[in-house]
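Results of the structural survey
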Amino acid sequence: MSTKVADHVLQRLREWGVTVVFSYPGDGINGLLAAWGRAENQPRFVQSRHEEMAAFEAVGYAKFSGRLGVCAATSGPGAIHLLNGLYDAKLDHVPVLAIVGQTARTAMGGSYQQEVDLHTLFKDVASDFVETVTVPEQLPNVLDRAIRTAYARRAPTAVIIPGDVQELDYSAPTHDFKMVPSSLDRSAWTALPSQESLERAAELLNSGDRVAVLIGQGARGARAEVERIAGLLGAGVAKALLGKDALSDELPYVTGAIGLLGTRPSYELMRDCDTLLTIGSSFPYSQFLPDYGKARAVQIDIDPHMVGMRYPYEVNLVGDARATLQRLIPMLDKDRDREWYDTVCANVARWREVMGRRAELSADPINPEYVTHVLDPLLPGNAIITSDSGSAANWYARHLTMRNGMRGSLSGTLATMGCGVPYAIGAKFAHPDRPVIALVGDGAMQMNGMAELITAAKYQDRWEDPRLVVGILNNHDLNQVTWEMRAMEGSPSFLPSQEIPDVQYAAFARSLGLTGIRVEKPGDVESGWRAGLDADGPAVIEFLTDPAVPPVPPHATWEQMESTAAAVLKGDADRGAMVRQGLKAKVQEFLPGREKKR
């Protein structure tokens, strides 16, 4: 039997080390589906419930494996459905390849069924590389470049293959004019800044008395070096949310997340420092960085396109974080006054105490902070945690302690809803021997998560460690937007847009043969989590939580963080009055810059 173009696609993916492709079938990729049958399902075809979920699963797989995530979809609507997940990959700098079907060449331009201009559709999201294969000889170069570019640029790429091309006999490019050969190899490389720029950076850092370090996901491979440089500089280390797992939260000088979902110690670290070192982060919210002109700053980033645009950095070091730090560290002074370091550590210790007290406050019926606070010590040492967007991300950012060996991520830049569960499924295929926990709001669960529980049920027997625990914060409210309306618009909750139905998530999970537990009282929170972590397959633990618990921003004072929580949660008439008023007066106290004007 002759080798078809579709056969060669799968063969080339295998040669690149691709072992799994997330997809949903459609006639635009019938040739590929037939090839999968001939290839005995290698690489493995993982059937999601929706193409957007396939893209999210590819993103989750790539984030947690460090390898290329691959998704495939049919022409027209299937291709369109991929977009949100691919934009998530683009904005979070994740290597993902989308293989997309297209109308047969003979019908193109004829307003044929499911005919969409896919180049126009993908030209932004896959701006680093998008190409259509029109003849067999073109395939190796296009596919190889798409994969190599996805890795090199840490970006989504797209290869479009018309349905009739998939079924053509494959023939390799020849040694002729206008033929383009290709190759598989992708050798490792390391980018390094110049010696002169390293010396300027060291001089700047040595001159600082109160140094703050901000790390993102680009620092994940430089954990030991970040610890070393923080020790030399006597610095506190704040983390962008995408870098939450880049350094252990157990270190006393790690202040935790930065930004609106961040911590008070991180806010004070940035407010009071005189020197800033940013490593592998493109954190975009400059209002949470030091005031312009107050701190001198150095940035390290591997992507020259991303340096120098978040803050007026004096030195921009373009290079791999680990290799750059290894060369920078010997240039730094070793003797530092410890007063600044001691202050940072004291603030971190105080923050942990405050978060513990906030979590213990009573609510109606359960305080959502308590749900995540209880989970924290129960997390296995090799756990992978995903968070959806929404108020769940606040509690993920503030209450979960990332320890060495743990991984975690969320949609950091696109902040899209509905990624938590498919991320977790992608993580399970990347690491079938590790437990995965997804923290998801009820809005995100209704949007995407419930259907993708079917995918978890379908593939659970493929995972060596069967634990995939979905913790749902069920408060019948699209809570993050509700609080944003109160804070930014001074408006009470608009129920037609914010109130959502009370769905029986645990019962739905049980209908699929999964473990499903509904927790309605604070006293059952710990046993609920334990039951999920002890289950012999995927589990849904549904917690009925109070929508009136405010995600107090980090620039609230220490006193406000405790007193506001107490006022809102004490359950008396004041609480009802404050909620009816949208907490406008209280929340406006916390808007950026307010504290400085007092």
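Residues numbered from 1 in each chain as written. Predicted model: local features only at pLDDT ≥ 70, side-chain atom pairs only at ≥ 80, totals over all residues. Heavy atoms only, no water.

Here we take up the sheet that holds strand β9 (residues 254-257). Here 6 strands make up an open sheet; going across it, the order is β9-β8-β7-β10-β11-β12 and the pairing parallel. Unpaired on one side and paired on the other, β9 and β12 (315-318) mark the two borders of the sheet. Strand-to-strand twist across the sheet, computed as the mean angle between neighbouring axes with direction ignored, equals 15°. Direction of pairing for strand β10 (residues 275-279) relative to strand β11 (residues 296-301): parallel, over a ladder of 5 bridges. (Pairing = 2+ DSSP bridges. Helix = DSSP H or I, 4+ residues; strand = E, 2+ residues; numbered from the N terminus. Axes fitted to C-alpha atoms, helices over the stretch in contact; angles between N-to-C directions.)

Turning to the sheet that holds strand β4 (residues 96-102), a few remarks are in order. The 6 strands are arranged β2-β1-β3-β4-β6-β5 in an open sheet whose pairing can be described as parallel. Edge positions in the sheet fall to β2 (44-47) and β5 (130-132), since each has one partner strand and no second. In this sheet, adjacent strand axes meet at a mean angle of 25° when their direction is disregarded. Lying over the sheet, helix α7 (residues 139-153) contacts β4, β5 and β6 (156-162), oriented at roughly 160° with respect to β6. (Contact = heavy atoms within 4.5 Å.)

Here the focus is the confidence of the model for the protein. For the protein, the mean per-residue pLDDT works out to 92, and 93% of the residues sit at or above 70. A low-confidence stretch, residues 570-598 (pLDDT under 50), is modelled with 47 contacts involving residues beyond four sequence positions or located in other chains. (pLDDT = per-residue confidence, 0-100.)

Right, let's talk about the pattern of salt bridges for a bit. Inspection of the entire model under this criterion finds 27 salt bridges. Between Asp-461 and Arg-462 there is a salt bridge, with its nearest N and O atoms 4.0 Å apart. (Salt bridge = Lys/Arg side-chain N within 4 Å of Asp/Glu carboxyl O.)

A grouping of Asp-209, Asp-337, Glu-339 and Asp-342 is seen on the molecular surface, where their side chains present a negatively charged patch. Relative to the assigned elements, Asp-337 resides in the loop between α12 (321-328) and α13 (339-360). (Patch = residues over 30% accessible without salt bridge, like charges linked within 9 Å, V, L, I, M, F, W, Y side chains within 5 Å. Areas by Shrake-Rupley, 256 points an atom, 1.4 Å probe, with all protein chains shown as cover. Lys, Arg positive; Asp, Glu negative; His and termini not counted. Charge placed at Lys NZ, Arg CZ, Asp CG, Glu CD.)

Moving on, we get to the nonpolar core. In globular proteins that are soluble, nonpolar side chains generally tend to be buried together. One finds Cys-71, Val-96, Phe-122, Phe-429, Met-445 and Val-470 to be the most contacted residues of the largest nonpolar core, which totals 57 residues. Apart from the residues lying within four places of it in its own chain, the contact partners of Phe-122 are Ala-79, Leu-83, Leu-86, Val-100, Ser-127, Val-130, Ala-158 and Ile-160. (Core = buried A, V, L, I, M, F, W, Y, C linked by side-chain atoms within 4.5 Å. Buried < 20%, exposed > 50% of the residue type's maximum accessible area, 1.4 Å probe, protein only.)

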